[in-house]
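Breakdown of the fold
Below are the chains, spelled out letter by letter.
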Amino acid sequence: MKSRTKVAVIGGGIAGCSTLYHLVQEGWTDVVLIERDELTSGTTWHSAAQVTNFGMNQTMVGLKSHSIALYKKLRDDPDYPVGYHHGDGGIRLANTEAQMQGYRHFTSMARGMGVEYEILDAEECARRHPLISTENLLGGLWDGEDGDIDPAQLCQALAFHARRAGAEVYRHTAVTALTQKGDDTWTIETTKGTIDADIVVNACGYRVNEVAEMMGVHHPVASMEHQYFITEDIPAIQEAGHRMPLLRCPISDYYSRQEKGGLLVGFYEQDCKTWGMDGISPGFANDLCPDDLDRVMEVLEGAFERMPVLADVGIKRIVNGPITYTIDGAPLVGPIPGKTNAFCIIGLRAGLGEGGGHGWLLAQQIVHGEACYDTWCIDPRRFTGHDNVELTALKAIEDYQNEFRFHFPHEHRPAGRPAKTTPLTPIFAAEGAEFTVVNGWERVEYIKPSNDFHPTLSFEFDETFDLVAAEVRNVQTNVGLCEVNGFNRLEITGSDRHKFLDRMICGNVPKRAGRVGLGYLLTHHGMIKCEATIANIPASDRGPERVWYGSAAASETHDMDWLQAHVQPDEDVTIQSLTNDMTILVLAGPKARQVLSDCARGDWSKAAFPWLSLRECFVGIAPATVMAVSFSGEWAYEIHVPNASLYAAYLALKAAGERHGLQLFGARAVDSMRMEKGFLHWKADLLTEFDPFETGLSKFVKMEKPAFIGKVALEKRQSDGPQRKLVTLKLESTSHPAHSGASLMLDDVVVGTVTSGDWGHRTGLNLAYAFVEPAFAAQGQKLSIDICGALVNAEIIAPVQYDPDFALLRK
Ligand SMILES: Cc1cc2nc3c(=O)[nH]c(=O)nc-3n(C[C@H](O)[C@H](O)[C@H](O)COP(=O)(O)OP(=O)(O)OC[C@H]3O[C@@H](n4cnc5c(N)ncnc54)[C@H](O)[C@@H]3O)c2cc1C
């Protein structure tokens, strides 16, 4: 074993082998893989190893397409050929119109990545898969790229090619301890000696948290037992004269593919079981859990009804093995939160299909800092604070039980709720609030008309439409109150805080005490990294002069890591998180000023407290910091209150608001209003795939500044011209909003992708944001949007549709 290496990948399943292979492909050959047993002796060896191209967002589709292209290349490589049945095709079944609508949406979304799914009716499903009945079947989604691969051969081939280029693989070598040194490199102790590495990668499958513990962290990954069986040969398969396509069934929770002359059928039973919660025996390698078909009987019945041929065929083999899940079902691939030079590729529940792509995106992140796609949907930093072992297990069970049931727009499933609340959550619940979940926080979505109000899950405008319209109307004509909990708040102190922020932010940084501004942080490649509200708090008995850096609720760890990584050793800068200590109450509407004046001493006139001002005060008896900022476009205050005083502040505002028509409004109303103002959401519209010019944020960039992170790359991008441009569209539809990922079409050609869509209740417009090819991005351009299979006429319009001169805020 070497004594030092650049990257040590721990774990030799598909995750580790793919990472090693792609590091070499990116040009880093001084890399090693350390495996405690043989390669693939964790979950990988017994995987059903189906490889599909279906994903619910473009990043997932893109990375799966990469897997498929790579596996085809490896299959055809004469030096180390891999058994890969590519192109058997696969059907995702549906028995409701709502599921079919979803499939049509995902078809529109995948087209933007160059992937074509087909929508089939029930008869066509049965024609392509002659073993299935059309009973209780509406149709399905066809994915022609689906197939299955030999998992052991795949990993051996990846390791072979990596080794040939200079990488080393150490088998039967268990990692036993990890120590980070003063220079942020690592010492790795193993059963075969010690090796130093600049960077470590945790790819340890179900043993993820054994290695995480060696680093002093815990990952939100839980294992579930998962079973499939393989049947004896089925004559009807032979007779069909072609391989059977894959099946995925959200109606009865099973899947199947062809295995030799029979079928492999796997189950996602409701009566499911976590595995290894209290530790895993060190001897569990190349091993399985005991068979337990009793548990899957109910699911089995559904599979038998769909494929009656199963009733007449014997079972050859049963496999029950551990499979890993995370809190939201997507893996964790990227930097380990709170650590430097440490990455992970864990929580893979479809690791064979996705592993090629995940290793590719991880290697890019390690070598270049970012990947070619925005990887937020798999970023390990997307959960903060609540991602403990108990919640992870609950969400893993829920996800397993719903394996093939995609989330509908606005769907938030019940397991593990409420995870994060404020003192106001039960009060809002008593007032009829429906809650959405933002990074674990229960946030008011809208106020229900009655307790038994349950809008239909669908891709259309639903029964909340009029409720949201009424909330918006009250904000526009009177005044509304909304709680924005979990908003990320980093307090930056020290005499160099503005010098530091000047380097981090690509535009002007407000520096005057009592002033607020918006700033954007870029990657070293000049792309959008973070969006932050910079608020300068004056010195007072509450503290010294300081900055509050505010950003989206899920961004706490992401932004903290980025900021901490760039504080220079000689800089007087301290950053601490106040995210869990304070909450924002937003008071918005023409009567907001009267309400605040009635419960907070001081002159709140626009002359004394104009837009973008900040002041410390008391709301009733609650200490508060008020900022004149607005995400709705109405005159508004963000009232920042310590959680201990939140109820007191709420009571004061409520009492003062009574005679001004104060009513609650929720996140859906906010979304409607922000789209009319051209305001963007981090990770919906603000993506690392685009630079600030492409995103329409030129006014927040000051190229004349001597330096900021990303400036050099941005200069080059500016001279090359934009690849895409963010535009606002109005749609000719009153039934459907545009959904994130939907394709923009010019005749039959995809020219863009939707990032957000909603109805603007003040303007009466069905609005969407989309990134579009520059040639088709001019105002007035007519395009169409593929919304759930229907082409809807759309026109590019000005980005700000409501109060375009900002008169309500400025004057
Ligand atoms: C029954 C079943 C069917 C499945 N079917 C499919 C499917 O059809 N399609 C699909 O895409 N996915 C499927 N999966 C999921 C897929 O198999 C997994 O996502 C994938 O194999 C996980 O790979 P991994 O590399 O993350 O983990 P593993 O394969 O578990 O690899 C982790 C490796 O890390 C090593 N390791 C652990 N600790 C240490 C240490 N301290 N030092 C050194 N090495 C260590 C282990 O020995 C192991 O080799 C299935 C899973 C199961 C259980």
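Residues numbered from 1 in each chain as written. Predicted model: local features only at pLDDT ≥ 70, side-chain atom pairs only at ≥ 80, totals over all residues. Heavy atoms only, no water.

**Observations concerning empty space enclosed by the protein**
Evaluation of the coordinates by the stated rule reveals one cavity of 30 Å³ or more. Its volume calculated, the largest cavity comes out at about 50 Å³. Every residue along the wall of the largest cavity is listed here: Phe 487, Asn 488, Arg 489, Thr 533, Trp 548, Tyr 549, Gly 550, Met 627, Glu 638 and His 640. Among the secondary structure elements, those contributing two or more residues to the lining of the largest cavity are β24 (488-493), β27 (546-551) and β32 (636-642). At three residues, β27 tops the list of elements feeding residues into the lining of the largest cavity. Considered class by class, the residues forming the lining of the largest cavity number four nonpolar, four polar and two charged. (1 Å grid on protein atoms, 1.4 Å probe; cavity = no way out; pocket = protein on both sides within 12 Å on 5 of 7 lines; lining within 4 Å. Points joined across faces, edges and corners; volume = space filled by probe spheres on them. Helix = DSSP H or I, 4+ residues; strand = E, 2+ residues; numbered from the N terminus. Nonpolar A, V, L, I, M, F, W, Y, C, P; charged D, E, K, R; others polar.)

**Section: the side chain of Asp 399**
Summarising the element assignment, Asp 399 is placed in helix α10 (residues 389-401). A relative accessible area of 9% places Asp 399 in the buried class. Excluding residues within four positions of it along the chain, Asp 399 makes contact with Tyr 325, Asp 328, Gly 329, Arg 349 and Arg 413. (Buried < 20%, exposed > 50% of the residue type's maximum accessible area, 1.4 Å probe, protein only. Contact = heavy atoms within 4.5 Å.)

**A word on the site of the ligand**
Taken together, 39 residues lie around the ligand, and Glu 35, Thr 44, Gln 50, Leu 348 and Gly 353 are the ones closest in. Between the ligand and the protein, one listed contact pairs an oxygen atom with a backbone N or O atom of Gly 42 at 3.5 Å. Between a nitrogen atom of the ligand and a main-chain N or O atom of Ala 48, the distance comes to 3.1 Å. Relative to its unbound accessible surface of 1000 Å², the ligand loses 96% to contact with the protein. Grouping the constituent residues of the shell around the ligand by class yields 18 nonpolar, 16 polar and five charged. (Near = heavy atom within 4 Å. Polar contact = N/O pair within 3.5 Å; in protein donor to acceptor, adjacent residues only side chain to side chain. Areas by Shrake-Rupley, 256 points an atom, 1.4 Å probe, with all protein chains shown as cover.)

**Regarding the pairing of strand β10 (residues 175-180)**
The sheet contact formed by β10 and strand β11 (residues 186-190) spans five bridges and is antiparallel. Residue pairing in the sheet places Leu 178 in a bridge with Ile 188 of β11. In textbook terms, the turn of a hairpin is the stretch between consecutive antiparallel strands, and for β10 and β11 this stretch comprises five residues, one of which, Asp 184, has a positive phi near 70°. (Pairing = 2+ DSSP bridges.)

**What about the packing of helix α2 (residues 58-75) against helix α9 (residues 351-368)?**
For the pair α2 and α9, interaxial distance at closest approach is 7 Å and the crossing angle is 100°. With respect to α9, the axis of α2 lies roughly perpendicular. Across the interface between the two elements, Thr 59, Met 60, Gly 62, Leu 63, Lys 64, His 66, Ser 67, Leu 70 and Tyr 71 from α2 touch Leu 352, Gly 353, Glu 354, Gly 355, Gly 356, Gly 357, His 358, Trp 360 and Leu 361 from α9. Per-class residue counts for the contact of α2 with α9 are seven nonpolar, nine polar and two charged. (Axes fitted to C-alpha atoms, helices over the stretch in contact; angles between N-to-C directions. Parallel < 35°, antiparallel > 145°, perpendicular 65-115°, else oblique.)

**A closer look at the layout of surface pockets**
Here the second largest pocket is characterised by a volume of approximately 720 Å³. In this structure, the second largest pocket is lined by 31 residues; those nearest its centre are Pro 335, Phe 343, Arg 381, Trp 562 and Ala 565. Those elements giving two or more residues to the lining of the second largest pocket turn out to be β20 (342-346), α9 and α14 (556-565). Here the element with the most residues in the lining of the second largest pocket is α14; it accounts for five residues.

**Quick look at the sheet that holds strand β33 (residues 662-664)**
Reading across from one edge, β30-β31-β32-β29-β23-β33 is the order of the six strands in this open sheet, with mixed pairing throughout. A single partner strand is all that each edge strand has here, and the edge strands are β30 (614-619) and β33. Sheet twist, expressed as the average angle between the axes of neighbouring strands with direction ignored, equals 30°. Where β30 and strand β31 (residues 622-627) come together, six bridges link them in antiparallel fashion. Paired with Leu 614 across the strands is Met 627, a residue of β31. Contacts from helix α16 (residues 646-657) reach β23 (479-484), β29 (582-588), β30, β31, β32 and β33 within the one sheet, and its direction differs from that of β29 by about 10°.

**Quick notes on the packing of aromatic side chains**
Tallied over the full model, the rule gives 35 aromatic pairs. Where Tyr 80 meets Phe 160, the ring centres are 4.9 Å apart and the plane angle is 40°; that geometry is what we call tilted. With Tyr 80 in the loop between α2 and β4 (84-85) and Phe 160 in helix α5 (residues 151-164), this pair connects stretches of sequence that are 80 residues apart. The positively charged end of Lys 6 is found above the aromatic ring belonging to Trp 28, 4.4 Å away from the centroid. (Phe/Tyr/Trp six-rings, centres within 6.5 Å; stacked < 30°, edge-to-face > 60°. Lys NZ or Arg CZ within 6 Å of the ring centre and 35° of its normal.)

**A look at the nonpolar core**
With 49 residues, the main nonpolar core has Val 7, Leu 23, Ile 149, Leu 154 and Ile 366 as its most contacted residues. Among the secondary structure elements, those contributing two or more residues to this core are β1 (4-10), α1 (14-25), β2 (31-34), α2, α5, β12 (193-202), β20 and α9. When sequence neighbours within four positions are dropped, the list of residues in contact with Ile 366 reads Val 7, Leu 23, Trp 28, Ile 199, Val 201 and Phe 343. Residues Ile 447, Leu 596, Val 626 and Leu 662 belong to the second largest nonpolar core, which totals 40 residues. (Core = buried A, V, L, I, M, F, W, Y, C linked by side-chain atoms within 4.5 Å.)

**Some remarks on the packing of α2 against α5**
Running from amino to carboxyl end, α2 crosses α5 at an angle of 80°, the nearest separation of the two axes being 11 Å. Comparing their axes, α5 and α2 come out roughly perpendicular. Contact residues: Leu 70, Tyr 71 and Leu 74 in α2; Leu 154, Leu 158 and His 161 in α5. In terms of residue class, the contact of α2 with α5 is built from five nonpolar, one polar and no charged.

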